[in-house]
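# Results of the structural survey
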Amino acid sequence: MPNSPSAPTDLWLRGVAVNTGAPADVLLRLLDPAAGEARRILCEERRLPDEVVDAVVGHPDAKVRRAFAGNPHVPPAHRGRLVDDPHDLVRATVAGGPHPRPRRPLPLPDDVVITLLTAEERGTPQRLTVGEIVSELMSSWQVSASFRYRMRGHEHPAVRSLAAGMWSLLTAEERNGLLADPHPDVRSAAEYRLSTADPGAREAELPDHGRVRWHILCNYALPDALVEAALADPESRWCLAGNRYTPAGAVARLARDADPEVRLRVAARADLDPAVWAGLAEDPHEQVRTRARVQPLPRTPEQCLAVDHEMDEGAHDCACLILESYTEPDPDWYRTCAESEEVVLRLVAATCPTLPADLVARLAQDPHEEVRHRLAVRHPLAPAATVLAAFVARPRQRAYLFAQSRVPRTGLSHLLDHEDPEVRALAAADPTLGRAPVELLTDPDDRVRRAAAANPLFTGEALEALLHDPATAEGAAANPGLPAPRLHALLDRAGLPR
């Protein structure tokens, strides 16, 4: 049938591109350049059948391959198939990771990481050098800690040197092996890590200001003269208070600092002397006192970091990255946290993805709302009702919950008239409503109208009418109840070749 000027063909193409019921032979037609924006949506914004993945990976247009290389909805192994792509921007997109970046980045397969790390220039670089692509990789959070550790004996020095980044977890023998490595780059990486704990490696003077000064004061062992100089500077004292190499005597002095922010940073240290801890537990400043009290000694640096995150006032609605832990969670400590009377410690427990089912059930009934919300966002076993409550109450967490596919999609009729359009849209797509959500087809928000039109409760003539109404055409084309012949007919109307 020839294309009609009045037919909402662009909207149909966009809808078909996200239609979860569309078979592979329909989706493959959208790879034609005539599909326009729908082609990008198909490659970048949804999961794809294997047959379509094969076609995308082998597609002659680098724009198609690059869109797929950054798709956050497909497994890293699928994106990794483009690691040897002839176009540097495609390889760079694989290295840089999905966009938008997921809150919990998944690692690339070992062979993909090794290929990127050991790549050589292919003649004159097009837009990006191999080194720049590696930089994209190393800042993408797609290289796991376990990979870095396992590669300490790899044959290629660019891969082997990554083990130096796991310095604190290496044995003395493993460290010595890297320090004596035959390749200078590996030795240099190991020597750098070793030097951070050597006060003698620092110069007698620090830069007057800037990020380099801040980084050194926060992370490096310092000679006594520099420690004394830093103690005399109010801004430097805050840095020293969190530096794990700060001598015990200086820590004790910082615990009596006039600035409560400095004392708070000391109170979060894992290596406190019991007498210093006891003094901070009686500190006149409530936040300092609480930080010391909620976490008695002994405690580990990893435990301190977990508590610090929950003590942060902005952490309760944080949409920051959920990073991989370099150490295995201590189940006994997290159980103690889950059973604690301290809300902060229960919040910590709710962030542990390996928390057992009995404690998950306990925290799902926690009297503190924020504990329940944190559990919903961070634990894969959180009950559906808990996840739904967090979805409704925490808009900033919704994209992450959707990406995890843990948001309930049924039993949502009570949310059809919710004031938040994103919540109404969720309810509008519920296939168990008992009736088609006709009232939401005229909702003022286009997301709600699309979700309602895509509800499989609309069928037959009603669905056909929605397909020809510009206000609902995109959602109707995304309706998984449309049979393959009808989807093909929509693409025919849009002028896409078979």
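Residues numbered from 1 in each chain as written. Predicted model: local features only at pLDDT ≥ 70, side-chain atom pairs only at ≥ 80, totals over all residues. Heavy atoms only, no water.

A few words now on the overall build of the chain. Helix and strand counts for the chain stand at 32 helices and 0 strands. A total of 498 residues make up the chain; the buried ones form 47% of that total. The contacts of the chain with a sequence gap of at least 6 include a subset with a gap of at least 24, amounting to 50%. A total accessible area of about 24,300 Å² is found for the chain, and carbon and sulfur atoms account for 54% of it. (Helix = DSSP H or I, 4+ residues; strand = E, 2+ residues; numbered from the N terminus. Buried < 20%, exposed > 50% of the residue type's maximum accessible area, 1.4 Å probe, protein only. Contact = heavy atoms within 4.5 Å. Areas by Shrake-Rupley, 256 points an atom, 1.4 Å probe, with all protein chains shown as cover.)

A cis amide bond links His 99 with the next residue in sequence, Pro 100, at an omega value of 0 degrees. By the element assignment, Pro 100 lies in the loop between helix H7 (88–96) and helix H8 (110–117). Between Leu 297 and the following residue, Pro 298, the backbone shows a cis peptide bond with an omega angle of -5 degrees. Although it is not a glycine, Ser 405 sits at a positive phi angle of roughly 55 degrees. Here Ser 405 is to be found in the loop between helix H27 (398–403) and helix H28 (421–428).

This next bit is on the pattern of salt bridges. Taken as a whole, this structure holds 33 salt bridges when the rule is applied. Where Arg 40 meets Glu 37, a salt bridge forms, and the shortest distance between an N and an O atom there is 2.6 Å. Placement of the pair is Arg 40 and Glu 37 together in helix H3 (residues 37–44), with a separation of 3 residues, close to one helical turn. On the accessibility criterion, Glu 37 (38% relative accessible area) is partly exposed. (Salt bridge = Lys/Arg side-chain N within 4 Å of Asp/Glu carboxyl O.)

This next bit is on the side chain of Ser 144. With respect to the helices and strands, the residue Ser 144 is situated in the loop between helix H9 (130–138) and helix H10 (145–150). Reaching out from Ser 144, the side chain makes a polar contact with the side chain of Ser 146 at a distance of 3.1 Å. With residues up to four places along the chain from it excluded, the contact list for Ser 144 reads Pro 107 and Glu 324. (Polar contact = N/O pair within 3.5 Å; in protein donor to acceptor, adjacent residues only side chain to side chain.)

Our next topic: the environment of Val 262. Residue placement: Val 262 occurs in helix H18 (residues 260–267). Those residues in contact with Val 262 that lie beyond four places of it in its chain are Arg 237, Trp 238, Ala 241, Leu 254 and Asp 257.

With that out of the way, let us pick up the confidence of the model for the chain. Per-residue confidence for the chain gives a mean pLDDT of 94; residues scoring 70 or more make up 98%. Taken together, the stretch residues 1–5 has pLDDT below 50 and engages in 7 contacts with residues farther than four places along the chain or on a different chain. (pLDDT = per-residue confidence, 0-100.)

Another aspect to go through is the nonpolar core. Judged by nonpolar contacts, the single largest core of 106 residues is most densely connected at Leu 30 and Phe 68. The element contributing the most residues to this core is helix H23 (residues 343–350), with 6 residues. Each residue touching Leu 30, except ones within four places of it in the same chain, is listed here: Leu 13, Val 16, Ala 17, Ala 35, Ala 38, Arg 39, Leu 42, Leu 491 and Leu 496. The next biggest cluster of nonpolar side chains, apart from the first, holds 27 residues, and it includes Leu 226, Leu 240, Ala 241 and Ala 292. (Core = buried A, V, L, I, M, F, W, Y, C linked by side-chain atoms within 4.5 Å.)

What follows is about the state of the cysteines. Scanning the entire structure with this criterion turns up 1 disulfide. Disulfide pairing is shown between Cys 318 and Cys 320; the S-S distance is 2.2 Å. Judged by relative accessible area, Cys 318 falls into the buried class, the value being 15%. For Cys 320, a relative accessible area of 34% translates into the label partly exposed. (Disulfide = S-S within 2.5 Å.)

The periodicity of an α-helix, 3.6 residues per turn, causes residues three or four places apart in sequence to face the same way. Of the residues making up helix H20 (residues 286–293), those classed as buried are Val 288, Thr 290, Arg 291 and Ala 292. The inward-facing, buried residues of H20 contact H18, helix H19 (274–281) and helix H21 (301–311).

To continue, consider the side chain of Ser 195. Note on placement: Ser 195 falls in helix H13 (residues 184–195). Engagement of the side chain of Ser 195 in a polar contact is seen with the backbone oxygen of Tyr 192, the distance being 2.7 Å. Not counting residues up to four positions away in its chain, the partners in contact with Ser 195 are Ala 201 and Arg 202.

With that out of the way, let us pick up the environment of Ala 221. In this fold, Ala 221 is placed in the loop between helix H14 (211–219) and helix H15 (224–231). You can call Ala 221 buried: its relative accessible area is 3%. Not counting chain neighbours up to four residues away, the residues in contact with Ala 221 comprise Thr 196, Ala 197, Asp 198, Pro 199, Arg 202 and Tyr 245.

Let's shift gears to the packing of helix H16 (residues 234–242) against H18. Remark: H16 packs on H18, axes separated minimally by 8 Å, with the N-to-C direction vectors making an angle of 10 degrees. Regarding the angle of H16 to H18, the classification is roughly parallel. On the side of H16, the interface is formed by Arg 237, Trp 238, Cys 239, Ala 241 and Gly 242, while H18 contributes Glu 261, Val 262, Arg 265 and Val 266. Partitioning the contact of H16 with H18 into residue classes produces 5 nonpolar, 1 polar and 3 charged. (Axes fitted to C-alpha atoms, helices over the stretch in contact; angles between N-to-C directions. Parallel < 35°, antiparallel > 145°, perpendicular 65-115°, else oblique. Nonpolar A, V, L, I, M, F, W, Y, C, P; charged D, E, K, R; others polar.)

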